[in-house]
Amino acid sequence: MDKILDIDNVDLKIISLLNQDAKTPYTEIAKKVFVSSGTVHVRMRKLEDMGVVKSATLNIDFSKLGYDISAFLGIYLEKSSLYDNVIEMLKQIPEVINAYYTTGNYSIFAKIICKDTNHLRTVLDNIQKVDGIDRTETLIVLEESINRPIQFFDK
């Protein structure tokens, strides 16, 4: 079991604010949390050292870059012992943007993005050629209705 980390409400408030917009300056965060910007900097360093904060990411609208199709892919493995090998191969396919080892029907649940249906077909063909994959099921996204970070505090 993981050790309980030494995180207090100030840390959680900082995380919540940066989770909404990772580009928010520490000075602005400090004003909202009622601490100095130096404290925010020290707290963020602590959270990074503890492994709580792994990186800051961008929220990209892929459709504005020409990627009009998002899909989820349920992947059935020939044997669960092939998981590590299959994941390493999936990492080589740039259109695979997320992959999860899951319980339930699928061994792996992945999200892929493609420019159009022809691109999707090519990506699916490449994925289905990966050694260890038995078969796949594709679910095309019609609309992303919710995409938000977890909220630790009410506004």
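In this text the structure is predicted, and so the values were computed from the model without any measurement. (Residues numbered from 1 in each chain as written. Predicted model: local features only at pLDDT ≥ 70, side-chain atom pairs only at ≥ 80, totals over all residues. Heavy atoms only, no water.)

**A short note on the UniProt feature "domain: HTH asnC-type" (unreviewed entry) in the protein chain**
Within this structure's numbering, the places UniProt gives as "domain: HTH asnC-type" (unreviewed entry) are residues 7-68. Secondary structure content for residues 7-68 is 53% helix and 0% strand, and the end C-alpha separation is 40 Å. (UniProt positions renumbered as here; feature names shortened; annotations may be inferred. Helix = DSSP H or I, 4+ residues; strand = E, 2+ residues; numbered from the N terminus.)

**Some details on the packing of aromatic side chains**
One pass over the structure, following the stated rule, counts four aromatic pairs. Arranged with centres 5.3 Å apart and planes meeting at 70°, the rings of Tyr76 and Tyr106 form a pair that is edge-to-face. A residue pair is termed long-range when its members are at least 10 positions apart, and Tyr76 in strand β1 (residues 69-77) and Tyr106 in the loop between β2 (96-101) and β3 (108-114) qualify at 30 residues. Assigned by exposure class, Tyr76 and Tyr106 land together as buried. Put simply, the rings of Phe72, Tyr76, Tyr106 and Phe109 touch in pairs and so form one group of aromatic residues. (Phe/Tyr/Trp six-rings, centres within 6.5 Å; stacked < 30°, edge-to-face > 60°. Buried < 20%, exposed > 50% of the residue type's maximum accessible area, 1.4 Å probe, protein only.)

**Considering the sheet that holds β2**
If you walk across this open sheet you meet the four strands as β2-β3-β1-β4, and the pairing is antiparallel. The strands lining the two open edges of the sheet, one partner per strand, are β2 and β4 (133-140). Going from strand to strand, the sheet's axes swing by 20° on average, the running direction of each strand aside. Sheet topology places β1 next to β4; seven bridges connect them, and they run antiparallel. In the strand pairing of β4, Leu77 is matched with Ile133. Set on the sheet, helix α4 (residues 83-90) makes contact with β1, β2, β3 and β4; between it and β3 the angle comes to about 10°. (Pairing = 2+ DSSP bridges. Axes fitted to C-alpha atoms, helices over the stretch in contact; angles between N-to-C directions. Contact = heavy atoms within 4.5 Å.)

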